[in-house]
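# Descriptive analysis of the structure
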Amino acid sequence: DWVSATVELLTGRHEGPVVVAAPQPVREADFARALARATGRRGLPVPEALLRARFGPQLTREVIMASHRVVPRVLPDELGYTYAFGDLDAALADLV
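All values derive from a computational prediction rather than experimental measurement.

### Concerning the overall build of the protein
Regarding its fold elements, the protein presents six helices and zero strands. For the protein, the sequential pattern of α-helices and β-strands runs α-α-α-α-α-α. For 96 residues, the compact-globule estimate of 2.2 N^0.38 gives 12 Å, and the protein exceeds it by more than 25% at 16 Å. In terms of overall dimensions, the protein has a C-alpha envelope of 45 × 35 × 20 Å along the principal axes. A total of 96 residues make up the protein; the buried ones form 15% of that total.

Below is the structure:
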């Protein structure tokens, strides 16, 4: 979906910012469970201290550990974009 939406934006006539994100936001815990189902593997939590050591405290706090509830509006509402994968399980099944 991301690739086709990006191609649509690059070849279309829309100007201005567009959020290219899944149509349904999910929490990190829900994403981890869905990824485990799709791959058949159990996920392990990563300690925040390890993330801070690897990426630094600012990036860890402001990006990795921060909550971002992003909902696309322009793609589906203004441009009529139709997602090929309406939910996380379908998208992950296609990728894995």
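### Considerations on the layout of surface pockets
Its volume calculated, the largest pocket comes out at about 1,600 Å³. The wall of the largest pocket is formed by 42 residues, among which V26, R27, E28, F31 and L88 lie closest to the centre. Secondary-structure elements contributing two or more residues to the lining of the largest pocket are α1 (2-11), α2 (28-39), α4 (57-64) and α6 (88-95). No other element matches the seven residues that α2 contributes to the lining of the largest pocket.

About the criteria used
- For every chain, the first residue of the written sequence is number 1, and numbering continues from 1 along that sequence.
- Local features in a predicted model are, by the rule used here, given only for residues with pLDDT of at least 70; side-chain atom pairs are given and counted only at 80 or more, and totals for whole chains, interfaces and linings are based on all residues.
- Values shown for side chains rest on all heavy atoms present in the structure; no hydrogens or waters enter the calculation.
- Secondary structure elements follow DSSP: runs of H or I no shorter than four residues count as helices, runs of E no shorter than two count as strands, and numbering proceeds from the N terminus.
- Radius of gyration here uses only the C-alpha atoms, and the compact-globule reference equals 2.2 Å multiplied by the residue count raised to the power 0.38.
- Using a 1.4 Å probe on the protein chains alone, a residue whose accessible area is under 20% of its type maximum counts as buried, one over 50% counts as exposed, and one in between counts as partly exposed.
- Buried and open spaces are told apart on a 1 Å grid over the protein atoms alone, a cavity being a set of points where a 1.4 Å probe fits but cannot get out and a pocket being an open set with protein on both sides within 12 Å along at least five of seven lines. Residues with an atom within 4 Å of a point are the lining residues.
- Grid points are joined across faces, edges and corners, and a volume is the space filled by probe spheres set on the points.

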